[in-house]
Amino acid sequence: MTRWATFDCFGTLVDWRHGIATGIELLFPGRGAELLEVYNRIEPRVQAEQPVRRYREVLAESLRRTAAEAGVELVPDDASVLGTGLPYWPVFPDVRPALTALREAGWRLALLTNCDRDLIGETQRRLVVPIDAIVTAEDVGSYKPGYAHFSRFAASFDATRDNWVHIAQSHFHDMVPAQALDIRRVWINRHAEAHDPSIADAVLPDLADLVATVERVHAS
């Protein structure tokens, strides 16, 4: 039986917070960390308003609203800074060893991402480790925490609870829908967030012990 380990990409494998804060810092020096927290509240709202909106435009519109809420002036053309910089956002140092080890243990790897095909294609080169399948927001016409990514993946690759573990950092975007769909799941709580850990089958602070954890969750 093919065993699938699916991942959220941004926040789990790629340092989304660093990428957003750095892009903001280019425009508003000294305010990247502060405005990141505003942006983090706004982006899910923008995604929910127009699920078919491309992620480049989600980034731009979220930045526009962040600037407006913070009372800083955003030059119109500068709203594209996040989409332009996304292909260079850093991969967490634990990612390549963990993905390599999973592949060596016989797992196939997939990404279920709130992103566009072109952007995730650019990001793949930084992951280096081969990815076997990708489902994007562009493919399904909606954003997580909606169920469409999971449903499309299950239908396309005959994935079920018996051969599938989902791994992600976002409690809201990934753990909640995965629990609702009865998909085995590992929460990568990189920022020691105070969300309910009981909805995950396992919780890790990073990917260092991922292979053993995925194997245990799969066997449970």
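Scroll up to find the structure this text is about.
Rules behind the numbers
Residues numbered from 1 in each chain as written. Predicted model: local features only at pLDDT ≥ 70, side-chain atom pairs only at ≥ 80, totals over all residues. Heavy atoms only, no water. Helix = DSSP H or I, 4+ residues; strand = E, 2+ residues; numbered from the N terminus. Buried < 20%, exposed > 50% of the residue type's maximum accessible area, 1.4 Å probe, protein only. Phe/Tyr/Trp six-rings, centres within 6.5 Å; stacked < 30°, edge-to-face > 60°. Lys NZ or Arg CZ within 6 Å of the ring centre and 35° of its normal. Salt bridge = Lys/Arg side-chain N within 4 Å of Asp/Glu carboxyl O. Core = buried A, V, L, I, M, F, W, Y, C linked by side-chain atoms within 4.5 Å. Contact = heavy atoms within 4.5 Å.

### Description of the environment of E122
Phase 1 of the analysis: Mapped onto the fold, E122 is located in helix α6 (residues 117–127).
Phase 2 of the analysis: Note on E122: relative accessible area 36%, which makes it partly exposed.
Phase 3 of the analysis: Considering only alpha carbons, one finds E122 and L204, 82 residues apart in sequence, at a separation of 27 Å.

### Re the packing of aromatic side chains
Phase 1 of the analysis: In total, this model carries seven aromatic pairs according to the counting rule given.
Phase 2 of the analysis: Ring centres of W16 and Y39 lie 5.9 Å apart, and the angle between their planes is 50 degrees; this geometry places the pair in the tilted category. Of this pair, W16 sits in helix α1 (residues 16–27) while Y39 is found in helix α2 (residues 32–49), placing the two residues 23 residues apart along the sequence.
Phase 3 of the analysis: An aromatic cluster is present here, built from W4, F153, F157 and W164 joined pairwise through their rings.
Phase 4 of the analysis: Its guanidinium or amino end placed over the ring of F92, R190 lies 3.8 Å from that ring's centre, counting from NZ or CZ.

### Quick word on the pattern of salt bridges
Phase 1 of the analysis: All told, the structure shown has 21 salt bridges when counted by the stated rule.
Phase 2 of the analysis: R54 is the partner of D116 in a salt bridge, and the nearest nitrogen-oxygen pair spans 3.3 Å. One end of the pair, D116, is in the loop between β2 (107–113) and α6; the other, R54, is in the loop between α2 and α3 (55–70), with 62 residues separating them in the sequence.
Phase 3 of the analysis: Among the residues examined, D116 registers a relative accessible area of 1% and is labelled buried.
Phase 4 of the analysis: On the basis of relative accessibility, which here comes to 39%, the residue R54 falls in the partly exposed class.
Phase 5 of the analysis: Between D118 and R56 there is a salt bridge, and its shortest N-O distance comes to 3.3 Å. Of this pair, D118 sits in helix α6 while R56 sits in helix α3, placing them 62 residues apart in sequence.
Phase 6 of the analysis: One connected set of salt bridges, linked through shared partners, spans R54, R56, D116, R117, D118, E138 and D139.

### Re the nonpolar core
Phase 1 of the analysis: Ranked by internal contacts, the top residues of the largest apolar core, which has 57 residues, are F7, F10, I20, Y55, I167 and L210.
Phase 2 of the analysis: Those residues in contact with Y55 that lie beyond four places of it in its chain are W16, E43, Q47, L86, N114, C115, D116, L119 and Y143.
Phase 3 of the analysis: By size, the runner-up hydrophobic cluster in this structure holds 12 residues, among which are W4, A110, A159 and W164.

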